[in-house]
Amino acid sequence: MIGNESKIRFSERLNAILDEHNFPPKNMGRISWLANMFSTTHKGAGNWVNGRAIPSRKTLKIMCEKFNVNEEWLQFGDKAGAKSKIINVPMLTKSEILNYVKQQQLNFPNFVEVQDNNSSRTFAVDLTKGEFELDFLITQRGMMIFDPDRPAADKMFALVNIDDQLSIKRLIEFDKERFAVISDNTDSKNELHTLNLPDQLVAIMTEIKF
């Protein structure tokens, strides 16, 4: 049986990771975000955050993949989970993204600091510009970090290119390494759009900075 001390220490490590990835504070949406990301109940996610429970091994594995941390460290506090260093990535406008990903545009005036567990092609998008419609955020006062080289996974948010239109969508893995997104059709009705990889999947969102 897992003791209370282990659950509390796990919650401290989990909250440290969520802080690094700029999740909202505990009483301002953190638990809801976590529950949504890992398809669990609000109560279940609250137990993880507040030191009352530790996720299953399957969920721990998914957590570690999404947050790029060592599984033993997250569960047991092993030293293998040392914090990453900081790198600078460019801040892009919507019109610059595709050229940057294709490495056709390399000089940019503005940069932002991120963890170095992102690839060298990582970039940031300023949400205050209002270039993307985001119905899953309470506020758009911040920025999103995207990594074109991060592997896709179910329920991750991604920058996709459908009919030459960039948008930010949540991925749905309907088969092994096959993904779809919910998009609006011409009648303003939601429909499932299967992504043509890698052409339509531009980059995976790795972090939100407020």
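Preceding this paragraph is the structure being described.
Quick caveat, the model's predicted, so the values are computed rather than measured.

## Considerations on the side chain of Q75
Next up, step 1: Mapped onto the elements, Q75 comes out in helix 5 (residues 71-76).
Next up, step 2: Judged by relative accessible area, which is 13%, Q75 ranks as buried.
Next up, step 3: When neighbours within four sequence positions are excluded, Q75 is seen to be in contact with F10, R13, R57 and L60.

## A short note on helix 3 (residues 42-49)
Next up, step 1: Counting buried positions along helix 3 gives 6 out of 8 residues, so the element sits mostly inside the fold.
Next up, step 2: Turning to helix 3, its buried residues number three or more, namely G44, A45, G46, N47, W48 and V49.
Next up, step 3: Lining the buried residues of helix 3 we find helix 1 (4-20), helix 2 (30-37) and helix 4 (57-67).

## What about unusual backbone geometry?
Next up, step 1: Of the consecutive residues L197 and P198, the connecting peptide bond is found in the cis state with omega at 0°.
Next up, step 2: Within the secondary structure, P198 is located in the loop between strand 9 (190-194) and strand 10 (201-209).
Next up, step 3: Within the chain, S39 stands out as a residue other than glycine whose phi angle is a positive 50°.
Next up, step 4: The class for S39 is partly exposed, based on a relative accessible area of 47%.
Next up, step 5: Although it is not a glycine, N68 adopts a positive phi angle of roughly 55°.
Next up, step 6: Inspection of the secondary structure assignment puts N68 in the loop between helix 4 and helix 5.

## Some remarks on the packing of helix 2 against helix 3
Next up, step 1: Contact pair helix 2 / helix 3: the axes reach a minimum separation of 8 Å and the direction vectors enclose 115°. Taken as axis vectors, helix 2 and helix 3 run roughly perpendicular relative to one another. With respect to the hand of their crossing, helix 2 and helix 3 are arranged in right-handed fashion. Counted together, R30, I31, S32, L34 and A35 of helix 2 and H42, A45, G46, W48 and V49 of helix 3 form the full contact between these two elements.
Next up, step 2: Taken together, the residues that form the contact of helix 2 with helix 3 break down as 6 nonpolar, 3 polar and 1 charged.

## What about the environment of H42?
Next up, step 1: The topology assignment puts H42 in helix 3.
Next up, step 2: Distance in space between the C-alpha atoms of H42 and R30 is 10.0 Å, their sequence separation being 12 residues.
Next up, step 3: H42 has contacts with I31, S32 and A35, leaving out every residue within four places of it along the chain.

What counts as what
- Residues numbered from 1 in each chain as written.
- Predicted model: local features only at pLDDT ≥ 70, side-chain atom pairs only at ≥ 80, totals over all residues.
- Heavy atoms only, no water.
- Helix = DSSP H or I, 4+ residues; strand = E, 2+ residues; numbered from the N terminus.
- Buried < 20%, exposed > 50% of the residue type's maximum accessible area, 1.4 Å probe, protein only.
- Contact = heavy atoms within 4.5 Å.
- Axes fitted to C-alpha atoms, helices over the stretch in contact; angles between N-to-C directions.
- Parallel < 35°, antiparallel > 145°, perpendicular 65-115°, else oblique.
- Left-handed = near helix turned anticlockwise from the far one by under 90°.
- Nonpolar A, V, L, I, M, F, W, Y, C, P; charged D, E, K, R; others polar.

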